[in-house]
Amino acid sequence: MRRLAIVGNWKLYTTPASARSLALEIREAFVGFKDVDIGVCPPATSLQVVAEVLRGSNVAWGAQNAHWAQEGAFTGEVSAAALKELGCTYVILGHSERRHVFGETDEMVGKRLSFVMHSGLVPILCVGETEQERSEGKTEAALAQQLQVASRGLDGPPDIVAYEPVWAIGTGRRAELADMEAAHRFIRERLVERFENKAKEVRVLYGGSVKPENVAELAASGEMDGALVGGASLSAASFRSIIARALERRRL
Ligand code: PGA
């Protein structure tokens, strides 16, 4: 079984001061947790303070995006070199809010992904269909396209892919178990087609309205290698209970 990975995406919540308090609570909440990779991705402006708090704990940290060049005239972007220096493990790439609110294309996501992988950071490549694509029966086509373009320049697969149906993010509408399983299987098949055996180790996470009340059903599935958690990762108590329940189901 692949090792469980559960990562919190804090989006544009927290300032350095509130991120510090949340990180302190999270550090305490996960003392003694085993058999799971835990991470949090605060806004870039809070990474330094979160790194100070979490260093030496069993919670890693990461960023919500990274640019495809080491440095240059790229106002507003964040470099992989800076993230490495801040001790980041993860970088979320191609999140639906980046794609749909800020217009990032599959090509841009691919360039970011390739650079992040060469930099030695662990990418979490997000893919997912919109509500319209699902209702028109185009879910698989959307996933295939996003995966294919993003992995064009790669020699090996990304370490982590997160399946995040756009309509499930921040809406309270989690994907049905069978739909999650079908999407995860489809993603793995595409990765195996492209990267052969190397794709077996890729962890496929689910994201989209994961909560303490609904994580157990997903975690019992052999298709789910973890979760990317938005809203519910902003409270140490709910993030802890998501991870505790997921671990409990996997051990049954
Ligand atoms: P949500 O967000 O858990 O608040 O739905 C998930 C995400 O955006 O990664």
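The rules behind the values
Residues numbered from 1 in each chain as written. Predicted model: local features only at pLDDT ≥ 70, side-chain atom pairs only at ≥ 80, totals over all residues. Heavy atoms only, no water. Helix = DSSP H or I, 4+ residues; strand = E, 2+ residues; numbered from the N terminus. Rg over C-alpha atoms; globule rule 2.2 N^0.38 Å. Buried < 20%, exposed > 50% of the residue type's maximum accessible area, 1.4 Å probe, protein only. Contact = heavy atoms within 4.5 Å. Areas by Shrake-Rupley, 256 points an atom, 1.4 Å probe, with all protein chains shown as cover. Lys, Arg positive; Asp, Glu negative; His and termini not counted. Charge placed at Lys NZ, Arg CZ, Asp CG, Glu CD. Near = heavy atom within 4 Å. Polar contact = N/O pair within 3.5 Å; in protein donor to acceptor, adjacent residues only side chain to side chain. 1 Å grid on protein atoms, 1.4 Å probe; cavity = no way out; pocket = protein on both sides within 12 Å on 5 of 7 lines; lining within 4 Å. Sits in = over half its atoms within 2 Å of the grid points. Nonpolar A, V, L, I, M, F, W, Y, C, P; charged D, E, K, R; others polar. Salt bridge = Lys/Arg side-chain N within 4 Å of Asp/Glu carboxyl O.

Colleague: Which residues make up the overall build of the protein, and what values go with them?
Modeller: Regarding its fold elements, the protein presents 10 helices and 8 strands. Here the C-alpha radius of gyration of the protein, 17 Å, is about what a compact globule of 252 residues would show, namely 18 Å. When the backbone C-alpha atoms are referred to their principal axes, the protein occupies close to 50 × 45 × 35 Å. Counting every position in the protein, which comprises 252 residues, the buried fraction comes to 54%. Intrachain contacts of the protein at a sequence separation of at least 6 include 75% that bridge at least 24 residues. Carbon and sulfur atoms make up 50% of the accessible area of the protein, which amounts to about 11,200 Å² in all. Each charge class in the protein was averaged separately, 30 positive and 32 negative side chains, and the resulting centres sit 4 Å apart.

Colleague: Can you tell me about the site of the ligand, naming the residues and giving the values?
Modeller: Around the ligand lies a shell of 13 residues, among which Lys11, His95, Glu164, Gly170 and Ser209 are the nearest. Glu164 places a side-chain nitrogen or oxygen 2.6 Å from an oxygen atom of the ligand. Here an oxygen atom of the ligand and a backbone polar atom of Gly231 are 2.9 Å apart. In isolation the ligand offers 290 Å² of accessible surface; the protein chains occlude 97% of this area. Among the detected pockets, the ligand sits in the second largest pocket. Partitioned by chemical class, the residues of the shell around the ligand number 4 nonpolar, 7 polar and 2 charged.

Colleague: Go over the pattern of salt bridges, please, and point to the residues and values.
Modeller: Scanning the model with the defined rule gives 19 salt bridges in all. Note that Arg27 and Glu28 form a salt bridge whose closest N and O atoms lie 3.3 Å from each other. Taking the shortest distance from any N to any O, the salt bridge between Glu193 and Arg190 comes out at 2.8 Å. With Glu193 and Arg190 both in helix H8 (residues 177-195), this residue pair falls 3 residues apart, about one helical turn. A relative accessible area of 57% means that Glu193 is categorised as exposed. Through salt bridges with shared partners, one network takes in Glu77, Arg98, Glu104 and Arg112.

Structural measurements only, silent on function.
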